[in-house]
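# Results of the structural survey
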Amino acid sequence: MKDFNFFSKKLITWYSSHKRNLPWRGIYDPYKIWISEVILQQTRVTQGLKYYNRFIKRFPDIESLAGVEEQEVLKYWQGLGYYSRARNLHRTAKTIMDKYNGVFPKDYYTILKLKGIGEYTASSITSFAWNMPHPTVDGNVFRFLSRLFAIDCPIDTIKGKNHFTELAIQLMDKSKARIFNHAIMEFGALQCIPSSPDCTVCSFKSVCLAYINHTVVQYPVKQYRTKIKEIYFYYFHIHDSDHLYLNMRKEKGIWQNLFEFPLIESDILMDFQQLSNTDQFRLWFPKKHIYHFELIVKNQKHILSHRILYAYFYKVFMKRIPNSFDTFKKVKLMEIDKYPIHRLMQFYLGKILPFNRFISTFE
DNA sequence: AAGACGGGGAG
DNA sequence: CTCCCAGTCTT
């Protein structure tokens, strides 16, 4: 269709004068590239930056990452979201130690089999570390290419993915995969931005089909929309002057392996009367003991990509800690920093603890 | 093919 | 509010 080498050249020229200075640029260590790419999955550069620096400082290589407990890896991921990324990072570090003698595999398809590494990340690692000609097709690339060629095929379908990947392969100067991939993503991130891009200064305005047709706003095309469900979380903060009673979320789902107060989840809004009639409540707080409940936080809205959850925090006072609390993890207040917690717990602890030193270490 | 999985920032 | 971010895994 066009002179593809023209695009590659033009893109790289643009990149050389517009690129941002980022800590994972100009690095050829596959480990560091891997960490940076996983952190940046569905995450903005500005948000991931401090996590990257802190993570690399604590886990400078595969061996150091594989050698710790998952809990510590999650602690360094606390607040970033999509926690399966951290769990998979840890798991894959162990796999590389066990199966590949601690050396990061160099074959694309071997890398692709590792947990938490998909096509995008495998392409990033192989192209950035070894200049292998695999295209990095991320959100930036989807957007840029969909506009440049006015592609109506939805990007969130198998067909769309394949189409854009093929296009990126054809556009790429195979001998310059590393800089081409950096350039095309940077272009999408800085010039061909999602909303109101300044097309008047774009290097491709003379050939961009969407710009020529005045249809830039229509691209990229998406087929699916995530539907959002509302849920209600009722937390119990057991009163104790110098301890917290926590549970680890073991089940698959939101916040797996993170710590939180004993919790009753519900699809519906419940007042205290209804709550106290649930099986879980009666198990934790049997009638033979005297309790006093105080509602500290009411209807706290917490938004996830696919859920809106409303949280209630009850503080529980009692004469003596009953045996039914033995299943909870009793954590010294001073040691809360060792336990990975989600934003909602951080919010509550920040509210009730007079000194924010308890949760300040990782912020 | 469709949904699950966080959190934050921009408009 | 809505959209989207250097996506991947599960069913």
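Residues numbered from 1 in each chain as written. Chains lettered and ligands numbered in written order. Predicted model: local features only at pLDDT ≥ 70, side-chain atom pairs only at ≥ 80, totals over all residues. Heavy atoms only, no water.

With that settled, the discussion passes to the protein's contact with DNA strand C. By nearness alone, 24 residues border DNA strand C, and Glu 37, Gly 116, Thr 121, Asp 138 and Arg 143 come closest of all. The contact in question runs from a base nitrogen of DNA strand C to an N or O atom on the side chain of Arg 25, over 3.1 Å. Between DNA strand C and the protein, one listed contact pairs a base nitrogen with a side-chain N or O atom of Tyr 120 at 3.1 Å. Listing elements by their share of the surface near DNA strand C, those giving two or more residues are α8 (119–130) and α9 (139–148). The class makeup of the residues in the surface near DNA strand C is 5 nonpolar, 7 polar and 12 charged. (Near = heavy atom within 4 Å. Polar contact = N/O pair within 3.5 Å; in protein donor to acceptor, adjacent residues only side chain to side chain. Helix = DSSP H or I, 4+ residues; strand = E, 2+ residues; numbered from the N terminus. Nonpolar A, V, L, I, M, F, W, Y, C, P; charged D, E, K, R; others polar.)

Once that is clear, we can look at the domain arrangement of chain A. Structurally, chain A comprises domain 1 (4–218) and domain 2 (229–360). Taking the mean C-alpha position of each, domain 1 and domain 2 sit 38 Å from one another. Across the boundary between the two partners, domain 1 contributes 10 residues, which contact 14 residues of domain 2. Summed over both partners, the interface of domain 1 with domain 2 buries about 970 Å², with 47% contributed by carbon and sulfur atoms. At the surface where domain 1 touches domain 2, the tally comes to 0 salt bridges. For the interface between domain 1 and domain 2, the tally reads 6 residue pairs in polar contact (both at pLDDT 80 or more). By residue number, the principal contributor to the side of domain 1 that touches domain 2 is helix α5 (residues 70–77), which donates 4 residues. Taken together, the residues that form the side of domain 1 that touches domain 2 break down as 4 nonpolar, 3 polar and 3 charged. (Domains from an automatic or database assignment. Contact = heavy atoms within 4.5 Å. Buried area = accessible area lost by both parts, 1.4 Å probe. Salt bridge = Lys/Arg side-chain N within 4 Å of Asp/Glu carboxyl O.)

The next point concerns the protein's contact with DNA strand B. For DNA strand B, the set of nearby residues contains 23 residues, the closest of which are Ile 158, Tyr 224, Gly 253, His 306 and Arg 343. Backbone atoms, meaning sugar and phosphate, make up 66% of the atoms of DNA strand B lying within 4 Å of the protein. Here Tyr 83 contributes a side-chain N or O atom positioned 3.0 Å from a phosphate oxygen of DNA strand B. In the environment of DNA strand B, a phosphate oxygen lies 2.8 Å from a nitrogen or oxygen atom belonging to the side chain of His 306. Among the residues making up the surface near DNA strand B, the classes are represented as 7 nonpolar, 12 polar and 4 charged.

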